[in-house]
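Residues per chain, in single letters:
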Amino acid sequence: MIAPGAFFVVHKGQAPDQHAFGLSGDGDSVALLRPDRAIVDQVTYGAAEAKASYCRLPDGPGGQWTSGCAPTQGAPNQGG
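Parameters and conventions
Residues numbered from 1 in each chain as written. Predicted model: local features only at pLDDT ≥ 70, side-chain atom pairs only at ≥ 80, totals over all residues. Heavy atoms only, no water. Pairing = 2+ DSSP bridges. Helix = DSSP H or I, 4+ residues; strand = E, 2+ residues; numbered from the N terminus. Patch = residues over 30% accessible without salt bridge, like charges linked within 9 Å, V, L, I, M, F, W, Y side chains within 5 Å. Areas by Shrake-Rupley, 256 points an atom, 1.4 Å probe, with all protein chains shown as cover. Salt bridge = Lys/Arg side-chain N within 4 Å of Asp/Glu carboxyl O. Buried < 20%, exposed > 50% of the residue type's maximum accessible area, 1.4 Å probe, protein only. Contact = heavy atoms within 4.5 Å.

Some remarks on the pairing of strand E4 (residues 64-67)
Here is step 1 of the chain: Summarising the sheet, strand E3 (residues 54-57) and E4 pair through 4 bridges and their orientation is antiparallel. Note on E4: the bridge partner recorded for Arg 56 is Trp 65.
Here is step 2 of the chain: From the end of E3 to the start of E4, which pair antiparallel, there are 6 residues, and Gly 60 there has a positive phi angle of about 95 degrees.

As structure tokens, this is what we get:
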């Protein structure tokens, strides 16, 4: 569960506090779900977009998916 206004950072790796998965370089989809599995937000990207860093500007559901963002690791999104 992610509280309103909170951030969730997924660290890739093999340590106990990391996740051994990543997103495909050939394109993929990412979704944020409610506990009842209803989609809150979703984004799909293609292979040509896989190397870019994306964020919502401004943060939250009113923001637009924007490329070229610097990773903020648990802080508000900022433009690149």
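So, next bit.
Side note on a nonpolar patch on the surface
Here is step 1 of the chain: Taken together, Ile 2, Phe 8, Val 10, Phe 21, Leu 32 and Val 40 make up a surface patch of nonpolar side chains, about 560 Å² in accessible area.
Here is step 2 of the chain: Structurally, the position occupied by Val 10 is in the segment before strand E1 (27-33).
Here is step 3 of the chain: Overall, Val 10 belongs to the partly exposed group, its relative accessible area being 39%.

Digging into the environment of Cys 55
Here is step 1 of the chain: Of note, Cys 55 is situated in strand E3.
Here is step 2 of the chain: Judged by relative accessible area, Cys 55 falls into the buried class, the value being 5%.
Here is step 3 of the chain: Separated by 17 residues in sequence, Cys 55 and Thr 72 place their C-alpha atoms 9.5 Å apart.
Here is step 4 of the chain: Apart from residues lying up to four places away in sequence, Cys 55 is in contact with Gln 64, Trp 65, Thr 66, Cys 69, Asn 77 and Gln 78.

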